[in-house]
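A look at the structure
Chain by chain, the residues:
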Amino acid sequence: MNSNSTIIRKAAISTGSLTSGLLNPEQARKFIQQTFDATNLGGLIRHEQRTAKTGEIDKIGIASRIVRKKTENADDGYRAGVNTSQIEYATTAIRLPWEITEESLRENIEGQNLEKIITDLMTAQLGVDLEDLYLNGNEGAGTAKAFSTTETYKAGDTVTYNGSVYEFQKAHAAGAWNDSDVREIGEAGDVDFLKINDGWLKQIGNGGHVLDVSTQSDMSLDMFYKALGSIPNKYNNGKLRWLMSPKRAQEWELFLLNKVVNAGGAVPESVYSSPARIPTVECPSLSDDRILLTDPKNLIVVNTYDVKIRKTTEGKEAIMQDKRFYVTHLDYDPIIEELDATAMIKLK
C-alpha cells in the first residue's frame, strides 16, 4: 500500500524553502511556473510577469501582402507599417490560508514530514484552482440572488437555485424556473471563489465566436468544422487547439465508436484526438458543456513578482491553540490577446 507521502509526491509541486517567509523575485517566478505546471493547460498558455498591479501589454503585428516590386535606382516612398496596440490588465490579489495543529504533527504516522506533505498538497491544489479561475471565473456570481418567479432576468444575470449558482443564457420573463434558460456555473458555496475575476469562458462568450449547438441531442463532426470556420484563416496556422473536459473528449470518442459499430466502415484514428486535424487538450477544470478553440498562447495570465508565502508559530492564537498558521499571497489576471482568434462551442 502506498503511504500518504508516496501518493502526494506523484502529483505534488516542490515548493522549495516554504518556511523562509517571503520569496524573492526569482523564487516567485519559479513558484508561479510550478503552479502552471500542475495542469495540462498551464504549461501551454502564455505567462506574463509584471511588477505593476495594473498596466498594459503591448501587441505588435504587421499586415499581409506587404512586398512590392523593386524599381532599380528608385524609391517610390512605400514603407511597410507596424501595427501596435495594447491589452489592459488589472491583477486581483488572492490568498490561500491554512493551519496545522502541533498535535497532528506529533501524532500522525508521517511525523514532522506531514507539514511538507500538506504544504505541497496545498500548493498543488493552488495550481488546479488557478486554472479553474482562469477558465471559469465569473464576477457576476458575486451578485447572485435567490431565483424569484416574480423577477425578469436578462442574459448574463446570475441566481442561486436549489443549492447551485446559475447564469442565464437568454432573457427570462417572470415565471417558473426553466432549465433551458440557464447554465450551472457552480455550487452556491462556490460564489466567493467564482466572483474573484472574469475568466476566459466569460470573455470569449462576450466577444469571441460562439457556436450554440445546445439544442442538438448529439455531437457531430460538423460542429468542429463550423467553429473552426468562424475563426479568420490567418489564425488557422497550425497552432490552434481544442480545449475540452476529459469527459467530453471521451464522449466524442464514444460517438465515433458508435458510428463505426452501427454504420460500419472506419474512422481515421486521428479524428478521435484531432477533430478537423486540430489536436485536443484535455482540461479537467473546463465544464462538459463547453469546447474552446484557440491557440493556447492567445490565453495570457498576468502575475506580479510579489508572491508571499508566510508561516508563523508565534502570537497569541498560535500559542493558545497550539497551531502553525500559513498563507500564500499572489495576484493574477487572465486576459486574451485576440478575441477574434477564439471560438466556443456551447453543448447540451
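Quantities reported herein were computed from a predicted structural model and do not represent experimental measurements. (Residues numbered from 1 in each chain as written. Predicted model: local features only at pLDDT ≥ 70, side-chain atom pairs only at ≥ 80, totals over all residues. Heavy atoms only, no water.)

1. Some remarks on the overall build of the chain
Selection rule: Here a strand is any run of E in DSSP of at least two residues, a helix any run of H or I of at least four, and the numbering for each starts at the N terminus. Only protein chains enter the accessibility calculation, which uses a 1.4 Å probe. A residue is then buried if its area is under 20% of the maximum for its type, exposed if over 50%, and partly exposed in between. Residues count as neighbours in contact if any of their non-hydrogen atoms are within 4.5 Å of one another. Each accessible area value is a Shrake-Rupley result obtained with a 1.4 Å probe; residue values ignore everything except the protein chains displayed when judging cover.
The helix and strand tally for the chain stands at ten helices and 16 strands. Overall, the C-alpha framework of the chain stretches about 80 × 65 × 50 Å when taken along its three principal axes. In the chain, buried positions account for 41% of the 348 residues. Within the chain, counting contacts between residues at least 6 apart in sequence, those at least 24 apart form 72% of the total. With the model as given, the accessible surface of the chain reaches about 19400 Å², and the carbon-plus-sulfur share is 49%.

2. Describing empty space enclosed by the protein
Using the following cut-off: Here a cavity means grid points, on a 1 Å grid over the protein atoms only, where a 1.4 Å probe fits yet cannot get out; a pocket means an open set of points with protein on both sides within 12 Å along at least five of seven lines; lining residues are those with an atom within 4 Å of a point. Grid points are joined across faces, edges and corners, and a volume is the space filled by probe spheres set on the points.
For the coordinates displayed, the defined rule picks out one cavity of 30 Å³ or more. Those elements that place two or more of their residues in the lining of the largest cavity are α2 (25-36) and α4 (113-136). If you tally residues by element for the lining of the largest cavity, the top one is α4, at four residues.

3. Some words on helix α8 (residues 246-263)
Rules: Expected helix span is taken as 1.5 Å per residue step, with the number of steps being one fewer than the number of residues. Each direction from the helix axis to a C-beta atom contributes to the arc, which is the arc of those directions.
Between its first and last C-alpha, α8 extends 26 Å over 18 residues, near the 26 Å set by a 1.5 Å rise per residue. Among the residues of α8, those classed as buried are Arg248, Ala249, Trp252, Phe255 and Leu256. Projected down its long axis, α8 shows its buried positions confined to an angular sector of 115°, all on one face. Opposite its buried face, α8 presents the exposed residues Gln250, Val261 and Asn262, each directed more than 90 degrees away. Residues of α8 that are buried make contact with α7 (221-229), β10 (241-244), α9 (269-273), β11 (280-282) and β12 (290-294).

4. Considerations on the packing of aromatic side chains
Our working definition: Side-chain rings of Phe, Tyr and Trp (the six-membered ring for Trp) are treated as a pair once their centres are within 6.5 Å; stacked means planes under 30 degrees apart, edge-to-face means over 60, and tilted covers the remaining angles. Any Lys NZ or Arg CZ found within 6 Å of a ring centre and within 35 degrees of that ring's normal is scored as a charge over the ring.
Within this structure, the stated rule accounts for 14 aromatic pairs. With centroids separated by 4.9 Å and ring planes inclined at 85°, the aromatic side chains of Phe147 and Trp177 adopt a geometry described as edge-to-face. A residue pair is termed long-range when its members are at least 10 positions apart, and Phe147 in the loop between β5 (145-146) and β6 (158-161) and Trp177 in the loop between β7 (164-168) and β8 (182-187) qualify at 30 residues. Grouping residues by exposure puts Phe147 and Trp177 together as buried. Summarising the aromatic geometry, the rings of Tyr166 and Trp177 are spaced 4.9 Å apart at their centres and angled 70° between planes, so their arrangement reads as edge-to-face. Pair noted here: Tyr166 is in strand β7 and Trp177 is in the loop between β7 and β8, with a separation of eleven residues, a long-range link. On the accessibility criterion, Tyr166 (13% relative accessible area) is buried. We classify Trp177 as buried; its relative accessible area is 16%. One aromatic cluster is present, built from ring pairs that chain together Phe147, Tyr153, Tyr161, Tyr166, Phe168 and Trp177. In this arrangement the basic side chain of Arg68 is found over the ring face of Tyr78, its NZ or CZ atom lying 4.4 Å from the centre.

5. Side note on the confidence of the model for the chain
Test applied: Per-residue confidence from the prediction method is given by pLDDT, with values spanning 0 to 100.
Predicted confidence across the chain gives a mean pLDDT of 85, with 91% of residues reaching 70 or more. Low pLDDT, under 50, characterises residues 1-20; the predicted model gives this stretch 27 contacts beyond four residues in sequence or across chains.

6. A closer look at the sheet that holds strand β16 (residues 343-346)
Defined as follows: A pair of strands is considered paired only if DSSP assigns at least 2 bridges between the two. Here an axis means a line fitted to C-alpha atoms, over the contact stretch when the element is a helix, while the angle between two N-to-C directions is reported on a 0 to 180 degree scale.
The sheet built from five strands is open, its strands ordered β9-β16-β12-β10-β11 with mixed pairing. Only two strands of the sheet have a single neighbouring strand rather than two, namely β9 (209-212) and β11. Each neighbouring strand pair of the sheet contributes to a mean axis angle of 20°, computed without reference to strand direction. In the sheet, β10 pairs with β12 via three bridges, with the strands oriented antiparallel. Along β12, the bridge assignment pairs Arg241 with Thr294. The strands touched by helix α6 (residues 200-207) within the sheet are β9, β12 and β16, with β16 carrying the most contacts at an inclination of about 95°.

7. Thoughts on the packing of α2 against α4
Here is the rule: Angle categories: roughly parallel below 35 degrees, roughly antiparallel above 145, roughly perpendicular from 65 to 115, and oblique for all the rest. Residue polarity is assigned by list, with Asp, Glu, Lys and Arg as charged and Ala, Val, Leu, Ile, Met, Phe, Trp, Tyr, Cys and Pro as nonpolar; anything else, Gly included, falls into the polar class.
Where α2 contacts α4, the axes come no closer than 8 Å and their chain directions differ by 70°. Classified by the interaxial angle, the pair formed by α2 and α4 is roughly perpendicular. The segment α2 lies against α4, with Phe31, Thr35 and Phe36 engaging Thr123, Leu126, Gly127, Leu130 and Tyr134. Along the lines of polarity and charge, the residues of the contact of α2 with α4 split into five nonpolar, three polar and no charged.

8. Overview of the nonpolar core
The following threshold applies: Here, the term nonpolar core denotes a set of buried Ala, Val, Leu, Ile, Met, Phe, Trp, Tyr and Cys residues that are joined through side-chain atoms within 4.5 Å.
Judged by nonpolar contacts, the single largest core of 28 residues is most densely connected at Ile45, Tyr134, Trp200, Leu243 and Leu292. Looking at this core, the elements that each hand over two or more residues are α2, α4, α6, β13 (299-304) and β15 (323-336). Among the elements that take part in this core, α4 stands out by supplying five residues, more than any other. Contact partners of Leu292, with chain neighbours within four places excluded, come to Leu135, Leu201, Ile204, Arg241, Trp242, Leu243, Leu286, Ala343 and Met344. Formed by 26 residues, the second largest nonpolar core is a distinct cluster that contains Met219, Met244, Ala276 and Ala343.

9. A word on the sheet that holds β8
The strand order β5-β6-β7-β8 describes an open sheet built from four strands, whose pairing is mixed. Where the open sheet ends on each side, the last strands, each with one partner, are β5 and β8. As paired elements, β5 and β6 share two bridges and run parallel to each other. Looking at β6, one finds that Lys145 is bridged to Val159.

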